[in-house]
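Here is how the chains run, residue by residue.
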Amino acid sequence: MGSTGWFVDAVSDLVTGSACVGCARAGRLVCASCAATLPARGAPAVVDPWPPGLVPTWAGAPHADLARALVVGHKERGRLGLRAPLGRLLAAAVTAGVGPPPGRGRLLLCPVPSRPGTVRRRGHDATGAVVARAVRALRAQGYDAVRVDLLRSGRARDQGDLDAAGRAVNLVGTMRCPAHLLRATASRHGRGAVVLCDDVVTTGATLVEAARALASGGVPVLLAATVTSTPRHGGRRVRSSEDSQARSLPRVGRGD
Ligand SMILES: [Zn+2]
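All values derive from a computational prediction rather than experimental measurement. (Residues numbered from 1 in each chain as written. Predicted model: local features only at pLDDT ≥ 70, side-chain atom pairs only at ≥ 80, totals over all residues.)

Colleague: Quick rundown of the overall build of the protein? Include the residues and the values.
Modeller: For the protein, the helix and strand inventory stands at 11 helices and 10 strands. Within the protein, residue pairs in contact and separated by at least 24 positions form 77% of the contacts whose partners lie at least 6 positions apart. (Helix = DSSP H or I, 4+ residues; strand = E, 2+ residues; numbered from the N terminus. Contact = placed C-beta atoms within 7 Å.)

Colleague: Residues and numbers for unusual backbone geometry, please.
Modeller: Comment: phi is negative for the bulk of residues other than glycine, and the bulk of peptide bonds are trans. The peptide bond linking Pro-101 to Pro-102 adopts the cis configuration, its omega dihedral lying at 5°. Take Pro-102: it is sitting in the loop between helix 4 (83–98) and strand 5 (107–111). In this structure, Ala-24 takes a positive phi of about 70° despite not being glycine. Inspection of the secondary structure assignment puts Ala-24 in the loop between strand 1 (16–19) and strand 2 (26–28). We note that Asp-65 has phi near 55°; this positive angle belongs to a residue other than glycine. Looking at the secondary structure, you find Asp-65 in helix 3 (residues 65–75). You can call Asp-65 partly exposed: it has 13 C-beta atoms within 10 Å. (Buried ≥ 20, exposed ≤ 12 C-beta atoms within 10 Å, placed from the backbone.)

Colleague: Account for the pairing of strand 10 (residues 223–229), naming residues and giving values.
Modeller: Most of strand 10 sits inside the fold, with 7 of its 7 residues counted as buried. Pairing analysis gives 5 bridges linking strand 4 (residues 57–62) to strand 10, with the strands arranged parallel. Bridging across to strand 10, Trp-58 finds its partner in Ala-225. Strand direction decides the pairing type here: strand 9 (residues 193–201) and strand 10, joined by 6 bridges, are parallel. Pairing of Val-201 across the sheet is with Ser-229, part of strand 10. Between strand 9 and its parallel partner strand 10, the chain crosses via helix 9 (residues 205–216), and the hand of that crossover is right-handed. (Pairing = 2+ DSSP bridges. Right-handed = clockwise from strand over helix to strand, strands pointing away.)

Colleague: Would you mind going over the nonpolar core in detail, with residue names and values included?
Modeller: Looking at soluble globular proteins, one finds that nonpolar side chains tend to be buried together. Core analysis: the largest hydrophobic core is formed by 72 residues, its most contacted members being Leu-90, Leu-109, Ala-134, Val-195 and Leu-196. Among the elements that line this core, the one with the most residues is helix 4, at 9 residues. Split by domain, the residues of this core number at least three in each of domain 1 (1–40) and domain 2 (42–244). Beyond its immediate sequence surroundings of up to four residues, Leu-196 is in contact with Cys-110, Val-112, Leu-207, Ala-210, Ala-211, Val-221 and Ala-224. (Core = buried A, V, L, I, M, F, W, Y, C linked by C-beta atoms within 7 Å. Domains from an automatic or database assignment.)

Colleague: So what about the confidence of the model for the protein? Which residues, and what values?
Modeller: Looking at the protein as a whole, the pLDDT averages 80, with 80% of positions reaching at least 70. In the model of the protein, helix 11 (residues 241–244) stands out as the element of lowest mean pLDDT, 35, in contrast to strand 5, which has the highest, 98. A low-confidence stretch, residues 1–6 (pLDDT under 50), is modelled with 8 contacts involving residues beyond four sequence positions or located in other chains. Segment residues 233–256: pLDDT under 50, and 46 contacts once partners within four positions in sequence are set aside and those in other chains are kept. (pLDDT = per-residue confidence, 0-100.)

Here's what the structure looks like:
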């Protein structure tokens, strides 16, 4: 399909913005030149090595170049028109992990929650909105996908200059999976495979904490999916989707 594939179409159709997030050229949110640098179907790959203690984790693209600009432009600059291509990148990560439709049956995409103060500051729930777009993209491809909000974020702690191990320790206990959210989700959506979703994976510490909170509520996670992965992980994208799909993972659910 080359550079004229769905992903390029998606960004080319964006409403006109004041400047391209990739090169700052006046005009579209993503100009034609920048759009041409994107892979036609994203570049999903398993994060390798998987963050210690985490389920298999897939990213839609390396956190570089235009993909990085899309993430930052949406999250920090409130360019809401970027949600569609971001959602498609996240959807590409999910499909790489679960295989072709119907994948692993009903997919319950659970966003990693932002800190309440962060949502207020940005004026929007960036990750939740991208997950909602990914759900739309997945359903259009024939998947039974829904967004579920099972997690809440507690008080913020400054991650500062902590290393990966320090970040992981610092994050423990900052998220929770309230029982009333579990009951509401089970009653509304029944059983399904939980896919933990975030915008970027760096050390994986945030995803590990989110998975821990879900596990403490009795909810196993099938896999994690992110829009992008940082070069720390993105530089070793060696596994193909065929040999890395989590076929042997247990199907999980909250149907009770
Ligand atoms: Zn551009």
